Amino acid sequence: MQRDTIVFNLINQELERQQHGIELIASENFTSLQVMEAMGTSLTNKYAEGYPGRRYYGGCEIIDQVEQLAIDRLKQIFNCEYANVQPHSGAQANAALMLGVLQPGDKILGLDLSMGGHLTHGSPVNFSGKLYEAHFYTVKKDTGLIDYDMLEEKARTVKPKLIICGASAYSRDIDYGRIRKVADEINAFVMCDMAHPAGLIAKGLLNSPFDDCHFVTSTTHKTLRGPRGGIILMKKDFENPFGLKDVKSKTRMMSNILDMAVFPGTQGGPLEHVIAAKAVSFGEILTDDFTAYAKQIQKNAQAMAKAFTAKGYNIISGGTDNHLMLIDLRNKNLTGKKAQETLDKAHITLNKNAVPYDDKSPFVTSGIRVGVPAITTRGMKEEHMPLVVALIDRVLMNIDDQKTIAAVSHEVKDLMKQFPLYPQLNK
Ligand code: DSN
């Protein structure tokens, strides 16, 4: 077969884009080469519907070992009784979790998307807002912190069956204990979607959701630095206290309900090449090197927040506990859209983001979200953060000056040569 040069040329261009730029999208990261290598293997050819030891296809004896290894390593990382490594993404993990735990029409309570929440936490344009009756809590206008009083009040009046915590654009730690307390009052389940800070939680650098939340979901490609994918975890398995009319008694344990909600509930054949890559990345997370990496993320985020603040940028909540920050650009007379598009031209990649109580549409926004996991993987340390902020500031303060943007883009490329990414892959 002829090599598809069209596609491989594009893949090479994307590699170069990643190598040249300063990557600040808070949800992105760079996997190790061995994680990528595992994905491009013969495992992509195998159907393995079911779970290790109970598959619907023959020839799964090797695949079973791969998937079991991923499960065991993941359980070890988070000290959990249950792990499902099959969800294709974080959204799929959340869809399966809700299918397992809820009935259509049940009430859910999550952080409003416009306040830093996530589409799958009840947005009306998502399955979670279409299938379930979604209610929301917000952050406080003056502090940018989760309004726990409001969360409690809503929980008591709405009586949701599931309270969702976790966020996509929230820079502070979460009080899971407080959420569990009100959930217990109203007999609700609590799930945490820890997709963003999971790598920091894995190393004990942030509060752990595992004691207080019945269920924890995550992606694997953000701070966990694995392949794109999702996972579902439970610290302790338990019998579904609400009972389910349509399942046999032996499936009343939550572990069985969740397994069935992933397959056959929401997915078909698992992506075993990705599960192999998950296993490799979970092995990496168990090392001391990853502990050092997670600590460096936190140091870099704090150094970056300090540098932005020193230049007069308004960080929502005044700083960060985790790997990201949300910046309100209104005092700089800029929109998120204009900032993102102009920074792109200088090879600095981040995303526009609504800020709490934003007066602009989600396509324009008043803010940007900035995260450090990817540049930390490239080897940047606290001392490099003021330099990154200075480059961003030069672009934003000269937003229509093409000369400055071109000059910064050259400086960005030169800077990133000092932090090589996948040099082995260059042809
Ligand atoms: N798209 C992810 C993020 O950027 O946070 C969430 O799914």
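Provided above is the structure to which this section pertains.
(A) Just the overall build of the protein chain, in detail. Regarding its fold elements, the protein chain presents 15 helices and 15 strands. The C-alpha atoms of the protein chain give a radius of gyration of 22 Å, which matches the 22 Å a tight globule of 427 residues would have. With respect to the principal axes defined by its C-alpha atoms, the protein chain has extents near 70 × 60 × 35 Å. Scored against the burial criterion, the 427 residues of the protein chain give a buried share of 55%.

(B) Spotlight on the pattern of salt bridges. For the structure on display, the rule yields 21 salt bridges. Residue Arg55 is joined to Glu67 by a salt bridge in which the shortest nitrogen-to-oxygen separation is 2.9 Å. You can see Arg55 sitting in strand β3 (residues 54–55) and its partner Glu67 sitting in helix α3 (residues 61–78), a full 12 residues away along the chain. A relative accessible area of 16% means that Arg55 is categorised as buried. We classify Glu67 as buried; its relative accessible area is 0%. In this structure, Glu411 and Arg394 form a salt bridge, with 2.9 Å as the shortest nitrogen-oxygen distance. Here Glu411, found in helix α15 (residues 402–417), pairs with Arg394, found in helix α14 (residues 385–397); they are 17 residues apart in sequence, far enough to count as distant.

(C) The sheet that holds strand β14 (residues 351–353), seen in detail. Read from one edge of the open sheet, 4 strands run β11-β12-β15-β14, paired in antiparallel fashion. The open sheet has two edge strands, β11 (314–315) and β14, and neither has a second partner. In this sheet, strand β12 (residues 324–328) lies alongside β11 in antiparallel orientation, the contact comprising 2 bridges. Of the residues in β12, the one forming a bridge with Asn314 is Asp328. Contacts from helix α11 (residues 288–310) reach β11, β12 and β15 (367–371), with the element oriented near 15° to β12. Across the sheet, helix α12 (residues 336–345) is in contact with β14 and β15; its angle to β14 comes to roughly 175°.

(D) Structural context of the packing of aromatic side chains. On inspection of all chains with the given rule, the structure shows 8 aromatic pairs. Ring geometry for Phe189 versus Phe215: centroids 5.3 Å apart, planes at 65°, classification edge-to-face. Of the two residues, Phe189 sits in strand β8 (residues 189–193) while Phe215 sits in strand β9 (residues 215–219), which places them 26 residues apart along the sequence. Across the pair, Phe215 and Phe189 agree in class, each one buried. Taken together through their ring pairs, the aromatic side chains of Phe189, Phe215 and Phe238 make up a single cluster. A cation over an aromatic ring shows up here: Arg3 above the ring of Phe8, its NZ or CZ 3.7 Å from the ring centre.

(E) Examining the site of the ligand more closely. In the region of the ligand, the neighbouring residues are Ser27, His118, Ser168, His196, Lys222 and Arg369. Within the side chain of Ser27, one N or O atom sits 2.7 Å away from an oxygen atom of the ligand. Within the side chain of His196, a nitrogen or oxygen atom sits 2.7 Å from an oxygen atom of the ligand. Isolated, the ligand exposes 230 Å² of accessible area, and the fraction of that covered by the protein chains is 62%. Within the shell around the ligand, the residues separate by chemical class into no nonpolar, 4 polar and 2 charged.

(F) Quick look at α15. In a regular helix each residue adds 1.5 Å, so 16 residues correspond to 22 Å; α15 covers 23 Å between its end C-alpha atoms and thus fits that length. Turning to α15, its buried residues number three or more, namely Thr404, Ile405, Val408, Ser409, Val412, Leu415 and Met416. Each buried residue of α15 lies within a common arc of 135° when the element is viewed along its axis, so the set occupies one face. Exposed residues pointing more than 90 degrees away from the buried face of α15 are listed as Lys403, His410 and Lys417. Contacts from the buried residues of α15 go to α1 (5–20), β1 (22–23), α12, β13 (348–349) and α14.

(G) Structural context of the pairing of β15. With respect to burial, β15 is a largely interior element, 5 of its 5 residues being buried. One ladder, built from 5 bridges, connects β12 with β15; its direction is antiparallel. The partner of Asp328 across the bridge, within β15, is Gly367.

(H) Quick peek at empty space enclosed by the protein. Under the criterion given, the structure shown has 4 cavities of 30 Å³ or more. Its boundaries defined by the atoms lining it, the largest cavity holds a volume of some 130 Å³. Along the wall of the largest cavity there are 16 residues; nearest its centre are Tyr170, Arg172, Ile174, Pro197 and Asn322. Taken together, the residues of the lining of the largest cavity sort by class into 9 nonpolar, 4 polar and 3 charged. Of the pockets and cavities examined, the second largest cavity occupies roughly 50 Å³. Lining the second largest cavity, in full, are Met115, Gly144, Ala169, Tyr170, Ser171, Ile316, Ser317, Leu326 and Pro356. Among the residues forming the lining of the second largest cavity, the class breakdown is 6 nonpolar, 3 polar and no charged.

What counts as what
Residues numbered from 1 in each chain as written. Predicted model: local features only at pLDDT ≥ 70, side-chain atom pairs only at ≥ 80, totals over all residues. Heavy atoms only, no water. Helix = DSSP H or I, 4+ residues; strand = E, 2+ residues; numbered from the N terminus. Rg over C-alpha atoms; globule rule 2.2 N^0.38 Å. Buried < 20%, exposed > 50% of the residue type's maximum accessible area, 1.4 Å probe, protein only. Salt bridge = Lys/Arg side-chain N within 4 Å of Asp/Glu carboxyl O. Pairing = 2+ DSSP bridges. Contact = heavy atoms within 4.5 Å. Axes fitted to C-alpha atoms, helices over the stretch in contact; angles between N-to-C directions. Phe/Tyr/Trp six-rings, centres within 6.5 Å; stacked < 30°, edge-to-face > 60°. Lys NZ or Arg CZ within 6 Å of the ring centre and 35° of its normal. Near = heavy atom within 4 Å. Polar contact = N/O pair within 3.5 Å; in protein donor to acceptor, adjacent residues only side chain to side chain. Areas by Shrake-Rupley, 256 points an atom, 1.4 Å probe, with all protein chains shown as cover. Nonpolar A, V, L, I, M, F, W, Y, C, P; charged D, E, K, R; others polar. Expected span 1.5 Å × (residues − 1). Arc of directions from axis to C-beta. 1 Å grid on protein atoms, 1.4 Å probe; cavity = no way out; pocket = protein on both sides within 12 Å on 5 of 7 lines; lining within 4 Å. Points joined across faces, edges and corners; volume = space filled by probe spheres on them.

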